[in-house]
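# Structural features, examined
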Amino acid sequence: MTQRALDPSGDEPNRSSVPSGTDRPVMIDAGTELDPVHPVELPAPGGGRGLTAAEVAERIARGEINDVPVRSSRSVREIVRANVFTRFNLIIGVLWVIMMFVAPIQDSLFGFVIIANTGIGIVQEWRAKKTLDSLAVIGEAKPTVRRDGVAAEISTSEIVLGDLIELGPGDKVVVDGTVAEADSLEIDESLLTGEADPVLKRAGDPVMSGSFVVAGGGAFAATKVGREAYAAQLAEEASRFTLVQSELRTGISTILKYVTWMMIPTAIGLVLSQLVVKDNNFKDSVARTVGGIVPMIPEGLVLLTSVAFAIGVVRLGRKQCLVQELPAIEGLARVDIVCLDKTGTLTEGGMDVTEVRALNGADEPYLHRVLAAFGASDPRPNASLQAIIDACPVPDGEAWTVTQALPFSSARKYSGAAFDEHGGRTSGWLLGAPDVLLSEDDPALAEIEQLNQQGLRVLLLARAQGPLDDPATATGAEPCALIVLEQRLRPDARETLAYFAEQRVATKVISGDNAVSVGAVAAKLGLPGAEHTLDARRLPTDPDEMATAMEENTVFGRVTPQQKREMVAALQSRGHTVAMTGDGVNDVLALKDADIGVSMGSGSEATRAVAQIVLLNNSFATLPSVVAEGRRVIGNITRVATLFLTKTVYSVLLAVLVVCFQVEYPFLPRHLTLLSTLTIGIPAFFLALAPNKERAHPHFVRRVMRYAIPSGTIAAVATFVTYLLARHHYTGPGSLDAETSAATLTLFLVSMWVLAIIARPYTWWRICLVAAMGLAFLVVLVVPWLQNFFALKLVGAQLPWTAVGVAVIASAALEYAWRLVSRRFPV
């Protein structure tokens, strides 16, 4: 038994009705309680004029306005707080203050780098916020509100308590309210209640914000607005800046958590070793201790991830693509199956009637007159009906009276209308899918099949012999005409489908139309596997069998909204990452359940509300840009994360070795600031923003650590070996500076080799980038004032060349380790 939808409190809605013509206020107490001081008067069904201008002004003055929170991004204050007040900034800030008192300015450079990084992060995220906010305003749905008897589109934030809001197929209920007018109004509340079946609403029934219209029309009076509306809090949280929910950010947070655990005991051991065990100059010991702690922190990694995402949003914004949830950029790059709705995605919204083919000897001029009346009966025609309206206009002064109307439903696959014709004659008609309205042995189906194979869409006009809303009427309807429609293909669809095929992303076309017709359209666009079509009415209900059918076929026709949802779930059960595109109300449930939902900007309000990505320019060809941005972000952050975490690993291991061997820490902060800038900071910035078409892979943490751990270990061992050799070679005053210089040379060369590996495959600019970093370090070694500034001076020839030799051996070990890891631990 189908359950009736419940209101948020769990009680069944009060379905008291409002008698036509009543003037009294109606109070609904189940989930939609009205203001007891200022009760809302519901307009009489069919004749409501809505609020007057004076009433609107009065409600605004009382604050009864739909002041919903900003939905697209966090505030500037939140951006600054999130970028400044981090645990690593706190640690580095404390160390920076200490260094300002005990060491020269050179050893405090790391603090200025953090200030610059934080500033860049704030500016980039602020730019992304501006882009996101402006695009959200462009993509915002504008409900139709009736005031003083005039209907007009207004912003959702301008709705006031008691406003009369009109509804049509695909419209989302933007605030809580009570139905005032209903014409076969069916509302889907599944996004709120989980109830799959649409609920038929009558005057007086409550409606909840977040639900949407699937059929019929009407109007409702707003009873709860702003933050009081049921879905307002959910929408605020769901549409917030959600960067932290991405796999990249989650992975980086996991890594930073482990880094913190490693850093604390290591830093304590280093402090004790340098300040207690070794009897050194106090200030020098403090400086070297800080020099050991600072490089353990991968502080730039979080910044670069934020910057990469933010720049991605700005880039996509220039292409009229609204990313409602930032991880969607990353998520679409991980998609391996894209499910497309044909209408509005592969084809443009408009259609053209190419032929009206009479059946069973029906009079063709009379059929045109019926079609004209049918078109005039629907105030919100879909694309098919609009084509009929354009082809069969109503003759002047000959309009028929509509006595009953049955709105089109994706579940029924047909609509209906009954007319009072001139001369007292009455008739009822159904218009919809031929294979639904005709019996399986009807000879007209063969004729229709031939038309479908040409990629044409065919509708059947049939005379109804009973009540339109009786399912039995459809089976007994008399076929009268075939309406042949030609769909307009999107000019950019072919190359977009080719792009997904090249990227090894499977494409599934899921449509409510005839499967053969959809397959013909897909074949015209060159979709691989377009010949593998399947009528969804023959789909198995078992999820595993359905998943097999989904993987084996490419084009699916006669798919119901619920089936779309089940098909997405079946693919996900096989481990696929699924994106769903669509623009109609019948796509909403599938869009919501898919890993990534993509809506056209011209689509219904409901689809835009649940989609993570909205293509404001209605161009399916924008999707490759989103995929490219996601792959750029994921691939490049994986690259630079390996750089940052290699530094963390060798810094921790060097500190451990120093504690174990009871020797001075070899580096001052200035040395590691120089190394980090040349081998990580500058290269990582360019690598993070570079083009990258590599397909995204899962398991970010494993992919990064499997390279960072061996690389950091080899770098630490090689550096410490050079340091020990230098300690035995150099004696007397200034020996520690010479030992530090030799160790710095080895660490720089090994780090450069890590950079050279990560920069592959080489392009001219990547070669220039690596070469420029090497040249910059050489300049530091040969320019006297830079030698003094960074306390780097190679003494003699034997140890410097020994340092180079150790680095060469370590680099060979790096090459072997990377190849071994790639072979033994593939991801």
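Residues numbered from 1 in each chain as written. Predicted model: local features only at pLDDT ≥ 70, side-chain atom pairs only at ≥ 80, totals over all residues. Heavy atoms only, no water.

### Section: the pairing of strand S3 (residues 164–167)
One ladder, built from two bridges, connects strand S1 (residues 144–147) with S3; its direction is antiparallel. Bridged to Arg146 within S3 is Leu164. Here S3 runs beside strand S7 (residues 212–224); their pairing, made up of four bridges, is antiparallel. The residue of S7 that forms the bridge with Ile165 is Phe220. (Pairing = 2+ DSSP bridges. Helix = DSSP H or I, 4+ residues; strand = E, 2+ residues; numbered from the N terminus.)

### Re the packing of helix H9 (residues 299–318) against helix H22 (residues 623–661)
With their axes 10 Å apart at the nearest point, H9 and H22 run at an angle of 170 degrees to one another. Taken together, H9 and H22 sit at an angle that is classed as roughly antiparallel. Here Glu299, Gly300, Leu301, Leu304, Thr305, Ala308, Phe309, Ile311, Gly312, Arg315 and Leu316 of H9 come into contact with H22, specifically with Ser625, Val626, Glu629, Arg632, Val633, Ile637, Val640, Ala641, Phe644 and Lys647. (Axes fitted to C-alpha atoms, helices over the stretch in contact; angles between N-to-C directions. Parallel < 35°, antiparallel > 145°, perpendicular 65-115°, else oblique. Contact = heavy atoms within 4.5 Å.)

### What about the pairing of strand S13 (residues 426–432)?
S13 sits mainly inside the fold: six of its seven residues count as buried. With seven bridges connecting them, strand S12 (residues 414–420) and S13 associate as antiparallel partners. If you follow Ser415 over to S13, its bridge partner there is Leu431. What sits between S12 and S13 in their antiparallel hairpin is a turn of five residues, with Gly423 showing a positive phi close to 85 degrees. Direction of pairing for S13 relative to strand S14 (residues 457–464): antiparallel, over a ladder of five bridges. Its bridge partner being in S14, Leu431 is matched across the sheet by Leu461. (Buried < 20%, exposed > 50% of the residue type's maximum accessible area, 1.4 Å probe, protein only.)

### Re the side chain of Thr266
Looking at the secondary structure, you find Thr266 in helix H7 (residues 247–277). Only 2.7 Å separates the side chain of Thr266 from the backbone oxygen of Met262, close enough to count as a polar contact. Not counting chain neighbours up to four residues away, the residues in contact with Thr266 comprise Met296, Val652, Ala655 and Val656. (Polar contact = N/O pair within 3.5 Å; in protein donor to acceptor, adjacent residues only side chain to side chain.)

### Digging into the nonpolar core
Within the largest apolar cluster, 93 residues are counted, with the highest numbers of intra-cluster contacts made by Phe110, Ile637, Val640, Phe700 and Phe777. The greatest single-element share of this core, amounting to 13 residues, is contributed by H22. Apart from residues no more than four positions distant in its own chain, Val640 is found in contact with Leu301, Leu304, Ala684, Leu687 and Ala688. Leu316, Leu340, Val509 and Met600 belong to the second-largest nonpolar core, a separate cluster that totals 34 residues. (Core = buried A, V, L, I, M, F, W, Y, C linked by side-chain atoms within 4.5 Å.)

### Here's the deal with the environment of Leu316
Position of Leu316 relative to the elements: it lies in helix H9. Under the relative-accessibility criterion, Leu316 is labelled buried at 0%. With near-sequence residues (within four places) excluded, Leu316 lies in contact with Cys321, Val323, Ile329, Ser625, Val626 and Glu629.

### What to know about the pattern of salt bridges
In this structure the tally under the stated criterion is 21 salt bridges. Residue Arg574 is joined to Glu551 by a salt bridge in which the shortest nitrogen-to-oxygen separation is 2.8 Å. With Arg574 in the loop between helix H19 (561–573) and strand S19 (578–582) and Glu551 in helix H18 (residues 543–552), the pair connects residues that are 23 residues apart, well separated along the chain. The class for Arg574 is partly exposed, based on a relative accessible area of 31%. For Glu629, the salt bridge is made with Arg632, and the minimal N-O distance between the two is 2.8 Å. Residue Glu629 and its partner Arg632 are located together in helix H22, separated by three residues, close to a single helical turn. Residue classification places Glu629 among the buried positions, given a relative accessible area of 10%. Relative accessible area serves as the criterion here: at 3%, Arg632 is assigned to the buried category. The network of salt bridges with shared partners includes Asp435, Asp535, Arg537 and Arg558. (Salt bridge = Lys/Arg side-chain N within 4 Å of Asp/Glu carboxyl O.)

### Examining the confidence of the model for the protein chain
Scored by pLDDT, the protein chain comes out at a mean of 80, with 86% of its residues at no less than 70. Mean pLDDT across the elements of the protein chain ranges from a minimum in helix H6 (residues 230–238), with 51, to a maximum in helix H26 (residues 764–782), with 94. Counted against residues more than four places away or in other chains, residues 1–47, with its pLDDT under 50, gives 99 contacts. (pLDDT = per-residue confidence, 0-100.)

### Some remarks on the packing of aromatic side chains
The final tally for this structure, using the stated rule, is 14 aromatic pairs. Where Tyr665 meets Phe667, the ring centres are 6.0 Å apart and the plane angle is 75 degrees; that geometry is what we call edge-to-face. Given the relative accessible area of 0%, Tyr665 is considered buried. Seen from their ring centres, Phe789 and Phe790 are 5.0 Å apart, and the 80 degrees between their planes marks the pair as edge-to-face. Given a relative accessible area of 26%, Phe789 falls into the partly exposed group. A residue is classified by how much of its surface remains accessible, and Phe790, at 10% relative accessible area, is buried. Ring pairing ties together the aromatic residues Tyr366, Phe374, Trp400, Phe419 and Trp429, which thus form one cluster. (Phe/Tyr/Trp six-rings, centres within 6.5 Å; stacked < 30°, edge-to-face > 60°.)

### So, the environment of Leu359
With respect to the secondary-structure elements, Leu359 resides in the loop between strand S10 (347–358) and helix H11 (364–376). Since its relative accessible area comes to 10%, Leu359 is described here as buried. Separated by 85 residues in sequence, Leu359 and Ala444 place their C-alpha atoms 8.4 Å apart. Leave out the neighbours within four places in its chain, and Leu359 touches Glu447, Leu460, Pro479, Cys480, Ala481 and Leu482.

### Thoughts on unusual backbone geometry
At the junction of Arg760 and Pro761, the peptide bond is cis and its omega measures out at -5 degrees in the coordinates. Mapped onto the secondary structure, Pro761 falls in the loop between helix H25 (735–758) and H26. In this structure, Ser184 is a non-glycine residue whose phi angle is positive, near 55 degrees. One can find Ser184 in strand S4 (residues 176–188). For Asn360, which is not a glycine, the phi torsion comes out positive at approximately 55 degrees. Take Asn360: it is sitting in the loop between S10 and H11.

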